[in-house]
Amino acid sequence: MMLDDAQEQALIIAAFAAAEQAYAPYSDYPVGAALLFDDGAVITGCNVENASYGLALCAETVAVAKAFGEGRRGGLVAVAVVGLKADAEPITPCGRCRQVLNEVAALGATDPLVLCVSKDDVRRVTLSALLPHAFGPSHLA
Ligand SMILES: O=c1ccn([C@H]2C[C@H](O)[C@@H](CO)O2)c(=O)[nH]1
Ligand SMILES: [Zn+2]
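Residues numbered from 1 in each chain as written. Chains lettered and ligands numbered in written order. Predicted model: local features only at pLDDT ≥ 70, side-chain atom pairs only at ≥ 80, totals over all residues.

**Quick word on the UniProt feature "binding site: substrate" (unreviewed entry) in the chain**
Right, on to step 1. Annotation from UniProt places "binding site: substrate" (unreviewed entry) at Asn47, Val48, Glu49, Asn50, Ala51, Ser52 and Tyr53.
Right, on to step 2. A tally of 20 C-beta atoms within 10 Å means that Glu49 is categorised as buried.
Right, on to step 3. Its location among the elements puts Tyr53 in the loop between strand 2 (42–46) and helix 2 (59–69). (UniProt positions renumbered as here; feature names shortened; annotations may be inferred. Buried ≥ 20, exposed ≤ 12 C-beta atoms within 10 Å, placed from the backbone. Helix = DSSP H or I, 4+ residues; strand = E, 2+ residues; numbered from the N terminus.)

**Looking at the UniProt feature "binding site: Zn(2+)" (unreviewed entry) in the chain**
Right, on to step 1. UniProt records the feature "binding site: Zn(2+)" (unreviewed entry) for Cys58, Cys94 and Cys97 in the present numbering. Across 40 residues of sequence, these annotated residues stay compact in space, with a maximum C-alpha separation of 8.4 Å.
Right, on to step 2. Looking at where Cys58 falls in the secondary structure, it is placed in the loop between strand 2 and helix 2.
Right, on to step 3. In this view, Cys58 contacts Val31, Asn47, Cys94 and Cys97; residues no more than four positions away in its chain are not counted.
Right, on to step 4. Tracing the backbone shows Cys97 in helix 3 (residues 95–106).
Right, on to step 5. Apart from residues no more than four positions distant in its own chain, Cys97 is found in contact with Cys58, Glu60 and Thr61. (Contact = placed C-beta atoms within 7 Å.)

Spelled out as structure tokens, the structure:
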């Protein structure tokens, strides 16, 4: 499934809206993520930090956990990630989030598009480009 401009824009807007819910009092670096599934559903997440700093959950991981919690297994088409403090250079998912995203991707048939978004720019990459030679469920089979 290819994304048209309107779908892309809607996903980016959903990620910005999610970032507004970020709980990031320690880093003051709000992040939002929005996952688009092949039935058109969008599931969002924001980063959730903790007084024990190292326990922070990234927006992408929160979104994936919500998706699994709603019964989704595969069907991930695209992900938008925005950092509200990212002006020029878009943020990209951290290494842990790439692996977490790979789990839902590996359960489906498509290599999801990752939209890395800043105020000024959108960078489009595939998840497999962000995480080549990924370890996944097939390795355990
Ligand atoms: O792709 C990213 C990168 C960072 N963060 C969060 C983790 C932490 O709460 C804050 C600063 O690193 O941003 C995300 O949610 N997603
Ligand atoms: Zn992360």
